[in-house]
Amino acid sequence: MRGMHSTSRRLRRGLSPLIFCLLAAPVFLAGCAGEKRSMPVPASGGGSFEAQVVPLLQARCSPCHFAGGKMYDKLPFDRPGTIRTLGIKLFTRIKDPGDQAVIRAFLDRAD
């Protein structure tokens, strides 16, 4: 019986930090959820495709939608026409409001 008692005590001591982590994790993660980094929206009324939109898409959609990727033939994201055709449908994957603003600025710009 003695072996069983010491095992349960060790188990309880091991679970205490685990329970603390499970209870504390949502609090810490909630603090991180508010931090979002995105590319700034240009002040001059429109996003440059090469300078702002392509780097954003490369960060989020590589390697599949860029040269050599499995989706490149159907939806090449290094071409402005593809992005104009997709328009705000991109926002099903691009969730960050700042990133969406960069894409909207490009879409709103008349070429």
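Remember, predicted model here, so these are calculated numbers, not experimental data.

Moving on, we come to the pattern of salt bridges. Enumeration according to the criterion identifies one salt bridge in this entry. A salt bridge links Arg 60 to Asp 99; the shortest N-O distance between them is 2.2 Å. On the criterion of sequence distance, the pair formed by Arg 60 in helix α2 (residues 49-61) and Asp 99 in helix α4 (residues 97-108) is long-range, its members being 39 residues apart.

Under the criterion given, the structure shown has one aromatic pair. Ring centres 5.0 Å apart and planes at 40° place the aromatic pair Phe 49 and Phe 106 in the tilted group. Of the two residues, Phe 49 sits in helix α2 while Phe 106 sits in helix α4, which places them 57 residues apart along the sequence. Comparing Phe 49 with Phe 106 shows no difference in burial state: the two are buried. Cation over ring: Arg 84 sits above Phe 106, and NZ or CZ is 4.2 Å from the ring centre.

With that settled, the discussion passes to the confidence of the model for the protein chain. Across the protein chain, the average pLDDT comes to 76, with 56% of residues at 70 or higher. Within the protein chain, helix α1 (residues 2-33) has the poorest average pLDDT of any element, 56, and helix α3 (residues 80-86) the best, 95. This model gives residues 30-46 a pLDDT under 50, and the stretch forms 23 contacts once residues within four places in sequence are excluded.

What follows covers α4. With 12 residues, α4 extends 16 Å from end C-alpha to end C-alpha; this agrees with the ideal 16 Å at 1.5 Å per step. Among all positions in α4, only Gly 98, Asp 99, Gln 100, Val 102, Ile 103, Ala 105 and Phe 106 are buried. Backbone nitrogen of Gly 98 and a side-chain oxygen of the N-cap are separated by 3.1 Å at the start of α4; the cap is Asp 96.

What follows concerns the environment of Ala 105. Mapping Ala 105 onto the fold places it in helix α4. Spatially, the C-alpha atom of Ala 105 lies 9.5 Å from that of Val 53, the residues being 52 residues apart in sequence.

Moving on, we come to the nonpolar core. Counting residues in each nonpolar core, the largest one holds 16 residues, and the members touching the most others are Leu 57, Phe 77, Ile 83, Leu 90, Ile 94 and Ile 103. Mapped by element, the contributors of at least two residues to this core are α2, α3 and α4. Here this core takes six residues from α2, the largest share from any one element.

Quick notes on the rules
Every chain begins its residue count from 1, and numbering advances along the sequence as written. Reporting in this predicted model follows two pLDDT cut-offs: at least 70 for local features of residues, and 80 or more for side-chain atom pairs to be given and counted; totals over whole chains, interfaces and linings ignore these cut-offs and use all residues. As a convention, hydrogens and water are excluded, and side-chain values are obtained from all of the structure's heavy atoms. Criterion for a salt bridge: a side-chain nitrogen of Lys or Arg within 4 Å of a carboxyl oxygen of Asp or Glu. Strands here are runs of E lasting at least two residues and helices are runs of H or I lasting at least four, both read from the DSSP assignment and numbered beginning at the N terminus. In this analysis, rings of Phe, Tyr and Trp, with Trp reduced to its six-membered ring, are considered paired at centre separations within 6.5 Å, and the interplanar angle assigns stacked below 30 degrees, edge-to-face beyond 60, and tilted for intermediate values. Only protein chains enter the area calculation, which uses a 1.4 Å probe; residues under 20% of their type maximum are buried, those over 50% are exposed, and those in between are partly exposed. Note on criteria: charge over ring means Lys NZ or Arg CZ within 6 Å of the ring centre, with the direction from the centre no more than 35 degrees off the ring normal. Summary of the metric used: pLDDT quantifies the predictor's per-residue confidence within the range 0 to 100. Every residue pair with non-hydrogen atoms within 4.5 Å of one another is taken to be in contact. Every helix has an expected span of 1.5 Å times one less than the residues it contains. Polar contact is the term for a pair of N or O atoms within 3.5 Å; when the atoms are in protein, one must be able to donate a hydrogen and the other to accept it, and sequence-neighboring residues count only if both atoms are side-chain atoms. Note on terminology: a nonpolar core comprises buried Ala, Val, Leu, Ile, Met, Phe, Trp, Tyr and Cys residues joined through side-chain atoms within 4.5 Å.

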